[in-house]
Structures are given as structure tokens and as C-alpha cells.
Amino acid sequence: MFDQLVGLAMLGVAVAVFVYYSTWVLVLPFVDDSSFLQSFFLPRDYAIKLPLLLLLIGGVAVGSFVGSVLIKESNKKKAKKAE
Amino acid sequence: MTKATETLLALSAVGAVYFALLAKVIPSPQLFHQEILPYLPLWAVVSLGSYSLAVLGYRVFSFKDKPEKYKELLVQIDEAREFYKSKGIDLDE
């Protein structure tokens with residue numbers, strides 16, 4: 001039951017992100033500057049900065065995880081050799 | 001043609017069209033060129049990410065637990081362990 005909720009949440013987040021980002025990037029330039037639609041979106045240069053920042057954070061997280069696993073593994077091997 | 005060359009070919013074709021548009025070899029409207037074109041690569045990355053997340057979420061959502069299969073697998077693992085032990089190979093270090 002909980003698994004299904006998590007899956008549904010992931011699906012929902014993915015669809016929401018895709019729709020929001022697509023309107024932000026592809027539709028907004030054709031909408032008038034004074035339209036109320038513009039108030040739902042950050043200034044346009046954040047459409048590049050925000051994903052890049054997330055990408056950077058994600059890359060650092062993945063890299064540090066892999067690094068920590070490698071370090072632990074080599075420590076284990078060293079401990080085994082020392083035995 | 002292997003899958004890799006196919007993918008590479010498709011990617012380079014899309015890339016060629018994109019850079020042709022960017023370098024104004026293929027003419028495009030001013031607004032499109034200035035406001036949409038620079039954002040397209042990141043849009044592709046974001047789309048790929050949300051597509052992957054959606055597929056993962058859907059698979060998690062439609063995943064069915066099969067308790068009988070789990071028990072069957074445990075029995076099979078025991079069988080395999082016995083088999084290898086009888087041949088003189090110890091799998092648990």
C-alpha cells in the first residue's frame with residue numbers, strides 16, 4: 001500500500017515538473033508580460049540556473065556516495081590482508 | 001546497425017539541426033531564436049529526468065508482491081547451495 005503511494009507520488013512529481021518546466025520554457029515567451037500567468041513563474045534566467053544547480057548537487061551527491069563506497073571497500077580489503 | 005550507432009546517429013542529427021538553428025544557417029523567427037533556443041538543451045535534460053522518474057514511479061506503483069515466488073526462490077537457493085556443496089564448492093566465504 002505504502003509502496004503504491006510512493007510510486008504514485010513519484011509519477012505525480014514527474015508529471016508536474018515536466019508540465020511546469022515546459023510551460024515555463026516553451027510557452028511563456030509568447031505570453032504577454034503583463035499577463036497574470038507571468039506571476040506564477042520566476043524570472044526567466046532561473047530556468048537555466050535552477051536545473052544546473054540541481055544537476056551539480058546531484059552529481060556531487062552521486063560522486064561522494066561512489067567515493068565513500070570505494071573507500072570502505074578498500075579499507076575492508078586492507079583489513080582482510082592484515083589478518 | 002547496432003543500437004549504439006542508431007542512438008549516436010539520431011543524437012548527432014538532432015545536434016546538427018540544433019546548431020544549424022543556433023548559427024542561423026536555418027532561419028527561424030527572432031523570438032524563437034532568442035528566447036526558446038538557448039533553453040532547449042536544458043529542457044531536454046529536465047524532460048529526460050522527469051520521464052525517468054515517471055517510469056520508475058509507474059513501475060513502483062504497478063509492482064505486485066508475490067509471496068509464493070519468494071518462498072520458491074528461497075527453496076531454490078537452498079537447492080543450489082546443496083548442489084554446490086556436494087561438488088565441493090563453498091559459496092559462503
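For clarity, every value in this text was computed on a predicted model and none was experimentally measured. (Residues numbered from 1 in each chain as written. Chains lettered and ligands numbered in written order. Predicted model: local features only at pLDDT ≥ 70, side-chain atom pairs only at ≥ 80, totals over all residues.)

1. Some remarks on the interface of chain B and chain A
Piece 1. Tallying the contact residues gives 18 residues for chain B and 19 residues for chain A.
Piece 2. Contributions of two or more residues to the side of chain B that touches chain A are made by helix 2 (30-36) and helix 3 (40-61) of chain B.
Piece 3. Of all the elements, helix 3 of chain B adds the most residues to the side of chain B that touches chain A, at 13 residues.
Piece 4. Of the residues in the side of chain B that touches chain A, the class split is 14 nonpolar, three polar and one charged. (Contact = placed C-beta atoms within 7 Å. Helix = DSSP H or I, 4+ residues; strand = E, 2+ residues; numbered from the N terminus. Nonpolar A, V, L, I, M, F, W, Y, C, P; charged D, E, K, R; others polar.)

2. Overview of the domain arrangement of chain B
It is common to give the size of an interface as the accessible area lost on bringing the parts into contact.
Piece 1. In terms of domains, chain B is made up of domain 1 (3-62) and domain 2 (64-93).
Piece 2. A straight line from the C-alpha centre of domain 1 of chain B to that of domain 2 of chain B covers 46 Å. (Domains from an automatic or database assignment.)

3. What to know about the UniProt feature "transmembrane region" (unreviewed entry) in chain A
All names here are of chain A.
Piece 1. Here, UniProt's "transmembrane region" (unreviewed entry) annotation points to residues 7-30 and 50-71.
Piece 2. With 88% helix and 0% strand, residues 7-30 has its two end C-alpha atoms placed 35 Å apart.
Piece 3. Each end of residues 50-71 is marked by a C-alpha atom, and these two atoms are 31 Å apart; helix forms 100% of the span and strand 0%. (UniProt positions renumbered as here; feature names shortened; annotations may be inferred.)

4. Some points on helix 1 (residues 2-27) of chain A
Piece 1. Spanning 26 residues, helix 1 of chain A covers 36 Å between terminal C-alpha atoms, matching the ideal 38 Å at 1.5 Å per step.
Piece 2. Within the span of helix 1 of chain A, buried status applies to Leu11, Ala14, Tyr21, Trp24 and Val25 of chain A.
Piece 3. If you follow the buried residues of helix 1 of chain A, they end up packed against helix 2 (46-82) of chain A together with helix 2 and helix 3 of chain B. (Expected span 1.5 Å × (residues − 1). Buried ≥ 20, exposed ≤ 12 C-beta atoms within 10 Å, placed from the backbone.)

5. Thoughts on the UniProt feature "transmembrane region" (unreviewed entry) in chain B
Piece 1. As annotated by UniProt and renumbered to match this structure, "transmembrane region" (unreviewed entry) occupies residues 39-61 of chain B.
Piece 2. With 96% helix and 0% strand, the stretch residues 39-61 of chain B has end C-alpha atoms that lie 32 Å from each other.

6. With respect to unusual backbone geometry
Piece 1. The residue Lys24 of chain B is not glycine, and still its phi comes out positive at about 65 degrees.
Piece 2. With respect to the helices and strands, the residue Lys24 of chain B is situated in the loop between helix 1 (3-22) and helix 2.

7. Let's talk about helix 3 of chain B
Piece 1. With 22 residues, helix 3 of chain B extends 31 Å between its outermost C-alpha atoms, agreeing within 8% with the 32 Å of an ideal straight helix rising 1.5 Å per residue.
Piece 2. Taken together, the buried positions of helix 3 of chain B are occupied by Val46, Ser50 and Gly57 of chain B. Down the axis of helix 3 of chain B, the buried side of the element spans an arc of 30 degrees, and every buried residue falls inside it. Residues of helix 3 of chain B that are exposed and point over 90 degrees away from its buried face: Pro41, Ala44, Leu48, Tyr51, Ser52 and Arg59 of chain B.
Piece 3. Buried-residue contacts for helix 3 of chain B involve helix 1 and helix 2 of chain A. (Arc of directions from axis to C-beta.)

8. With respect to the domain arrangement of chain A
Piece 1. Domain boundaries in chain A define domain 1 (1-40) and domain 2 (42-83).
Piece 2. A C-alpha centroid distance of 28 Å is found between domain 1 of chain A and domain 2 of chain A.

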